[in-house]
Each structure stands twice: as C-alpha cells, then as structure tokens.
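Here is how the chains run, residue by residue.
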Amino acid sequence: MINKIILSNTKKYQTTVIFLFIVSFIVLQPILKYSEYVLNFPRINFSIFIVLFFCMYILTISRDIYKGYSLNLLFTFWILLFITGIQIISMPWALYYGLEGFSDYLKIISKTFFCYWMFWFSGLHLKDILTQRRARLFFTTSWVFLIIMIFLNSLSNNYFKVILEGEAIYLMLADCFAVLSIFTLIYNKKFDLLIVILSVIALFALWSRASLYSFIFISALYMIKEHKFKTFCLLLLGLYFLDSFLLLKDDRMFRIIFGSFDTSQSIREKVFQIGLNDIRITWLFGSFMGEVNSNYGHVGTYIHNYLSILRQFGIIPFLTLLFLIIVCYYKIIKLWLFEHNKSINFLFYFTTFILIEIIFARSYLHPFIWMSLSGISILNNNE
C-alpha cells in the first residue's frame, strides 16, 4: 500500500516537472529569447532551465520505475541511450570544434542530450497532461497572449512580419508557437476554425516557411476529419481570393511554391552538398558536431533535414530511428482513423507536423520527435 502511494506521488511529481518543462520550452523560451535579442533585455540562459528540469526528473527515477513497459518503448529508450553515449564519448573532440569551444558544445547538447531526454520523458506523461484543466487553461491563455503580441508587432510595420532586428530566432519562435497552437486546437474544438485561421496568419508573420506549410497541412487534415462542410467553404473562399494570393508570389513565404530564387534555400542547398560529402566519409560511425569542425568552427552549418542524424551519429542510430518513426507513425495513423480522444488526436497532428519539418527543413537539433516516439508507444499498448 505504501509503495503504491509513493509510486503515485512520484508520478504526479514527474508529471508536474514535465508540464513545467513543456510550457517553459514552448512559451517561456520564445518570450525570453525575443526579449533578449530584440528588446535588449538582460540575457537569461534558457539551457539552465532545461538542465534543471532534467535533474528534477531524473532524481525520481528508480530501477523499476519503467518495469512492464512495452518493447517498443524500451526500444526507443535504448536507441536514445546509445545516441547519448555517442555525445558523451565525443566530448573530448567536440569541445574544440566551435569557435567558442565549451560554450558551443553546451549549446548543442542542451538541444540534443538534455532536450532529447526531456521530450522522451514528456511522451510518458502526455496523456496525463492533456487531461488536466490547468494545462488547458495555461496553453489557451498563452496562445491568446502570443497571438495578441504577434499581431501588434506585425501591424506596426509595412511588411506584416515580426521584426527581429536581424536575429535568426524565427525558426524557434515559429516552431514553439505552432506546437502551442496544436495544443490549443486540441483543447478548444468549439473555436477550432478561429484558432486555425489566426495561427496560420501568425505563423506567416513569424517567417518560418516550414512551420507555416506544416501547420497548414495538419490543419487541412483536421478540418477534413472534423468539419467537411467548413472545409468546403474554406476551399471556395480560397479560390475566390486566389488572385490576391498570386500577388504575393515574390514574398519570401511563397517563393518556393512559385519557383522563384530564394537566398535562404540556395544557402541550404550548398550546406546540404557539403553535408553529403561529409557523410560519405563519416557514414559508419558519424561525427558528433563534425559539421562545426569542417566549417572552421561555425555553428549552424548542419544539414537541414534528418540526414543530419546520419552525419552526427552514424548509420546504426539513423536506420534504427528511421524504423522507429515509420512503425510509430503507422500506429498513430491507425489510431487516429478509428479512435477519437485528445491524446491520439494531439499525437497524430503533432507528429505529422514534426515529420514534415524534419524531412524538409529541420536537423538533429530538433528534439520534438522523441515525444512522439515515447507517447505513441504508450498509447498503442494501453500503458
């Protein structure tokens, strides 16, 4: 009896830590970074929060805390542990790859070592979080607040975009806002059409094409399943404003669609070719942070798709992760088609959003997929 009470209290504590981590990552982090880079507020290192939440969670784990979990879940655990080991073993070399040395290494492992694990832990508690009233209230309130801030900022200039003073934080801002919008959409079905429309407009203002296109795609899937008539009306409305849309073909957000030259895409293609050349050399064992070393200490020169996993960790983790993603996504598609609850709906739309991004535009630094892998494994086996 005492053991059951202790286990119950431990799980509640862990769920609280995970909830605080998620809201900090997708709400607090964008606010802090925007305040630092654009408003010249004092710098607060968000990585400290990630490490703190990791330590708060890991201290409560006992040897038998995951006893009885499914083989699929344990499989994701062991491959993540293997990837973690690679990062630790690579430390003596990786420390000297970046121009800022130890600082660059810490920045990267906060997004890989610590964030990978925290999002994997998040999947274990996602079902509990989605059923909490405080979570619904916080996510919805945060979404409304950020919508107001994004619109106020974007309407204050002639371009309808969030002004970032040249700082390259728009990917983080857009990804976090899109994930927050998915949470809000799942919680508030009565206002889903309004949430979809306002979120799409806000993502347009945030200037990340991958986030915008991915969110539009999952929104279309949502509308088709939930509101076929409304979807038909929106399609007619879109056709009516097609001429106005064509006037935006030279806008950065639509150049790829219309085949216009785009500087950002051109740079990514060059980085991709450099990455492929590196993969030919390091494909067997990979080279963690190797792209920093081969680009004279400059960070951010990674392959902008999940081939960067192959570049960083080698062929075994890459193929294993690819297999796990395919298996888990197939399972969540089946659950989404034939069952209906918040956890399944969220994980389907969230995972679809993340997969589109990592196929076309995100790298090994994008940690969200680990929440999908653990979360789907838990759902599918009725854990």
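Residues numbered from 1 in each chain as written. Predicted model: local features only at pLDDT ≥ 70, side-chain atom pairs only at ≥ 80, totals over all residues. Heavy atoms only, no water.

(A) Just a positive patch on the surface, in detail. Residues Arg 133, Arg 136, Lys 190 and Lys 342 make up a contiguous surface patch of positive charge. Inspection of the secondary structure puts Lys 190 in the loop between helix 7 (170–187) and helix 8 (192–206). Under the relative-accessibility criterion, Lys 190 is labelled exposed at 79%. (Patch = residues over 30% accessible without salt bridge, like charges linked within 9 Å, V, L, I, M, F, W, Y side chains within 5 Å. Areas by Shrake-Rupley, 256 points an atom, 1.4 Å probe, with all protein chains shown as cover. Salt bridge = Lys/Arg side-chain N within 4 Å of Asp/Glu carboxyl O. Lys, Arg positive; Asp, Glu negative; His and termini not counted. Charge placed at Lys NZ, Arg CZ, Asp CG, Glu CD. Helix = DSSP H or I, 4+ residues; strand = E, 2+ residues; numbered from the N terminus. Buried < 20%, exposed > 50% of the residue type's maximum accessible area, 1.4 Å probe, protein only.)

(B) Up close: helix 8. Counted at 1.5 Å a residue, the expected span for helix 8 with its 15 residues is 21 Å, and the 21 Å between its end C-alpha atoms agrees. Residues of helix 8 that are buried include every one of Asp 192, Ile 195, Val 196, Ser 199, Ala 202, Leu 203, Phe 204, Ala 205 and Leu 206, and no others. Phi turns positive, to about 70 degrees, at Trp 207, one or two residues after helix 8. (Expected span 1.5 Å × (residues − 1).)

(C) Representation of the environment of Leu 130. You can see Leu 130 is positioned in helix 5 (residues 102–130). In this structure the C-alpha to C-alpha distance between Leu 130 and Ser 343, which are 213 residues apart in sequence, comes to 6.7 Å. Excluding residues that lie within four positions of it along the chain, Leu 130 makes contacts with Phe 183, Tyr 187, Lys 342, Ser 343 and Phe 346. (Contact = heavy atoms within 4.5 Å.)

(D) Quick peek at the packing of aromatic side chains. Enumeration according to the criterion identifies 38 aromatic pairs in this entry. With a centroid separation of 5.0 Å and 85 degrees between ring planes, the pair formed by Phe 25 and Phe 119 is classed as edge-to-face. Here the residue Phe 25 occupies a position in helix 1 (residues 2–37), and Phe 119 occupies one in helix 5, the gap between them amounting to 94 residues. Note on accessibility: Phe 25 and Phe 119 belong to one class, buried. With a centroid separation of 5.3 Å and an interplanar angle of 70 degrees, the aromatic rings of Phe 348 and Tyr 349 are classed as edge-to-face. (Phe/Tyr/Trp six-rings, centres within 6.5 Å; stacked < 30°, edge-to-face > 60°.)

(E) Examining the packing of helix 16 (residues 315–338) against helix 17 (residues 342–360) more closely. Where helix 16 meets helix 17, the axes come as close as 9 Å, and the angle between the chain directions of the two elements is 140 degrees. Accordingly, the angle class assigned to the pair helix 16 and helix 17 is oblique. Of the two possible hands of crossing, helix 16 and helix 17 adopt the one that is left-handed. Each of Ile 325, Tyr 329, Ile 332, Ile 333, Leu 335 and Trp 336 in helix 16 lies in contact with helix 17, whose residues at this interface are Ile 344, Asn 345, Leu 347, Phe 348, Tyr 349, Thr 351, Thr 352, Leu 355 and Ile 358. Of the residues assigned to the contact of helix 16 with helix 17, the class counts are twelve nonpolar, three polar and no charged. (Axes fitted to C-alpha atoms, helices over the stretch in contact; angles between N-to-C directions. Parallel < 35°, antiparallel > 145°, perpendicular 65-115°, else oblique. Left-handed = near helix turned anticlockwise from the far one by under 90°. Nonpolar A, V, L, I, M, F, W, Y, C, P; charged D, E, K, R; others polar.)

(F) Structural view of the environment of Arg 362. When you line up the elements, Arg 362 lands in the loop between helix 17 and helix 18 (369–380). Measuring from C-alpha to C-alpha, the distance between Arg 362 and Ile 303 comes to 8.0 Å, with 59 residues separating the pair along the chain. Reaching out from Arg 362, the side chain makes a polar contact with the side chain of Asp 175 at a distance of 2.8 Å. Side chain to side chain, Arg 362 and Ser 208 meet in a polar contact 3.0 Å long. (Polar contact = N/O pair within 3.5 Å; in protein donor to acceptor, adjacent residues only side chain to side chain.)

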